[in-house]
Amino acid sequence: TRIPHSPLRQRTLVSQPEAAVSHPPNVKLLINGEFRDSQTGDWIDVTNPATQEVVSRLPQTTPAEFNAAVQAAKDAFPAWRRTPVPHRLRVMFKLQQLIRENMDELAANVTLEQGKTLADARGDVFRGLEVVEYACGMGSQLMGEIVENVSSGMDTYSLRQPLGVCAGICPFNFPAMIPLWMFPVAVTAGNTFVLKPSEKDPGAAMMLAELAMEAGLPRGVLNVVHGTHNTVNNILEHPDIAAVSFVGSDQAGRYIYQRGCENGKRVQANMGAKNHAVVLPDANFEATTAALTGAAFGAAGQRCMAISAAVFVGGLDRWQAGLIERAKGLHVTAGHEAKADVGPLISKEAKSRVERLIASGIKEGADCPLDGRGIVVPGYERGNFVGPTLLTKVKPYMECYKEEIFGPVLVCLEAETMDEAINIVNANSHGNGVALFTRSGPAARKFQHDIDVGMVGINVPIPVPLPFFSFTGWRGSFHGDLHMYGKAGVQFYTQPKTVTTNWKDADDQVGKRAPGLDS
Ligand code: NAD
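Along every chain, residues carry numbers that run from 1 in the direction the sequence is written. In keeping with the model being predicted, local features are shown solely for residues with a pLDDT of at least 70 and side-chain atom pairs are shown and tallied solely at 80 or more, while totals for entire chains, interfaces and linings include all residues. Derived side-chain values reflect all non-hydrogen atoms in the structure, with water molecules and hydrogen atoms excluded from consideration.

## Some points on the layout of surface pockets
Within this scheme a cavity is a closed region of a 1 Å grid, computed over the protein atoms alone, that accommodates a 1.4 Å probe without allowing it to escape, whereas a pocket is open but has protein on both sides within 12 Å along at least five of seven lines; lining residues each have an atom within 4 Å of a point. Grid points are joined across faces, edges and corners, and a volume is the space filled by probe spheres set on the points. Within this model, the second largest pocket holds a volume of roughly 270 Å³. Together, 15 residues line the second largest pocket, and Arg127, Phe174, Arg303, Ile462 and Val464 are the ones closest to its centre. Contributions of two or more residues to the lining of the second largest pocket are made by α5 (118-136) and α6 (177-188). In this count, Pro and Cys sit with the nonpolar residues alongside Ala, Val, Leu, Ile, Met, Phe, Trp and Tyr, while Asp, Glu, Lys and Arg are called charged and the others, Gly among them, polar. The residue inventory of the lining of the second largest pocket, partitioned by class, reads 9 nonpolar, 1 polar and 5 charged. The helix count covers DSSP runs of H or I at least four residues long, the strand count covers runs of E at least two residues long, and both are numbered beginning at the N terminus.

## Considering unusual backbone geometry
With phi around 60°, Asn149 is a residue other than glycine that occupies positive phi space. With respect to the helices and strands, Asn149 occurs in strand β7 (residues 146-151).

## Focus on helix α3 (residues 85-101)
By this rule, a helix spans an expected 1.5 Å times one less than how many residues it contains. The first and last C-alpha atoms of α3 sit 25 Å apart over 17 residues, in line with the 24 Å expected at 1.5 Å per residue. Of the residues making up α3, those classed as buried are Arg88, Leu89, Val91, Met92, Leu95, Gln96, Leu98 and Ile99. Each residue's exposure class comes from its accessible area (1.4 Å probe, protein chains only) as a fraction of the maximum for that residue type: buried when under 20%, exposed when over 50%, partly exposed otherwise.

## Points about the nonpolar core
General note: in soluble globular proteins, nonpolar side chains tend to be found buried as a group. We define a nonpolar core as any set of buried Ala, Val, Leu, Ile, Met, Phe, Trp, Tyr and Cys residues linked to one another through side-chain atoms lying within 4.5 Å. One finds Leu95, Ile99, Met138, Trp181, Met182, Phe193 and Tyr493 to be the most contacted residues of the largest nonpolar core, which totals 73 residues. What Phe193 contacts, discounting residues up to four positions off in sequence, is Ala73, Cys166, Ala167, Gly168, Met182, Phe183, Ala186, Val187, Val221, Leu222, Asn223 and Tyr493. Core analysis: the second largest hydrophobic core is formed by 67 residues, Ala350, Leu370, Phe437 and Val453 among them. The contact criterion used throughout is that any non-hydrogen atoms of two residues lie within 4.5 Å.

## Digging into the sheet that holds strand β24 (residues 494-502)
Criterion used throughout: strands pair if DSSP finds at least two bridges between them. One open sheet holds the 3 strands; their spatial order is β7-β8-β24, and the pairing between them is antiparallel. Looking along the sheet, the strands with just one partner apiece sit at the ends: β7 and β24. For this sheet the average axis-to-axis angle between neighbouring strands, irrespective of direction, equals 30°. Bridge count for β7 against strand β8 (residues 154-162) is 3 bridges, and the pairing is antiparallel. Each residue of the ladder has a partner; that of Ile146, found in β8, is Tyr157. Working convention: axes come from line fits to C-alpha atoms, limited for helices to the stretch in contact. Angles between N-to-C directions cover 0 to 180 degrees.

## Some thoughts on the environment of Ile44
Along the chain, Ile44 turns up in strand β5 (residues 43-47). As for Ile44 and Leu58, which are separated by 14 residues in sequence, their C-alpha atoms are 5.0 Å apart. Those residues within four positions of Ile44 in sequence are excluded, and the remaining contacts are Ser56, Arg57, Leu58, Gln60, Glu199 and Thr228.

What follows is the structure, encoded as structure tokens:
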């Protein structure tokens, strides 16, 4: 039996006629303020990863529908960019209120379609909500600069103006947070937007779009299209799209960055990761094993900031038993179950990929003292579950180290010194996040200076910056110049216009005779 959709979610779905009641509802498109059923003949099933139940069907947006969405965004732009900034901010104030009011429905949908636990799903919505809160105060970020008297009677000042139509391409793993990294900042800056949610879990993005309309976004300011490669290609090729924000895998990100740039678009691409923990011998045992367990296995390892590799300076011996004990205490089951700590992976393909990478590690010489393959979850036998897994004696040449596993697997390496550990991390192609566990201030200070990674936690396992900073992945984890949200996010969605004025004549006149006074 199908889990009924919530009232908010229903508004973004087309239910099938009663005769076809066994069919799941269709996900709508949002074009020019209207939620519409797609005319496509090509549909993708959106499934619950804990059960394989089909929860909805997602359309591969037709070219005509796609063009209509971009046209709506283009048509809405002139009026929206003229809309006073305080009005745009007030829409964000209203949106943050509506997200709070609908938090439970949003989180339930994230769990239904993505699989994570309800607590993680609330976190997913909440971290996105914080970007909306940031957008509520974005007026000061839109300020330009001025230098008076660049020449006699002349001033130069810069304005930050919106780009036009921007687009966002989202991954499956944070279905609420990532859309909220993008469109609130873009539209508050005066742009209009075309959003493409992940084809695997579009529900939260649709509910957020519905709330954004209710909050007062005018027609056409936010549009939602669906699909996979073809829709992405349409975004990259459309001459009226000025900028593209992408979050997802390396493979897609490199392609999107290159093709988008070739077509003259501004592109920011957040990509994959292999986030390391470096554990020094003096680190607190309980706090560190707890942090590693949560960061490696929480959300089934499907976080771009998950710790997926740990380098134990001085050896793993002190830590292994404690890690295994904690990992064994995690309850693997469907995300909506009260006891759930670790939910399913997003798809059967993801599950077999994770299992294959565990097997390849063992084949290449790693030990597997905790093996989560083959786990059977009572009541959810068809779910895509893999239990927490520890691979030890891992070396940097192994495939399980080089690849992003994106599952509940912690690969463990060992080093004799912190410098050796830093070299391992810096030689990895990704540079998203890293965490150091220690009680030593000098060691921490040296580490933060020498490490070639964009987000650093000192005794903080998942150092995702709050939205007044930006999400600053480096090297293979990011292509582009301006990161997402925070000041850099505002800069990405705006361009400076620099104005030089000459009021010399008028100035002279004012000196002689006040304007408006008859002599
Ligand atoms: P994905 O790359 O498979 O999909 C992301 C988006 O790109 C989707 O909308 C999809 O339709 C589209 N897409 C996929 N392949 C494409 C292709 N070949 N051509 C054009 N479009 C394509 O990523 P995913 O599996 O949904 O998400 C997981 C990945 O995202 C992981 O690698 C994770 O590390 C990464 N991620 C990174 C961050 C970050 O901020 N760095 C945040 C979250 C997730």
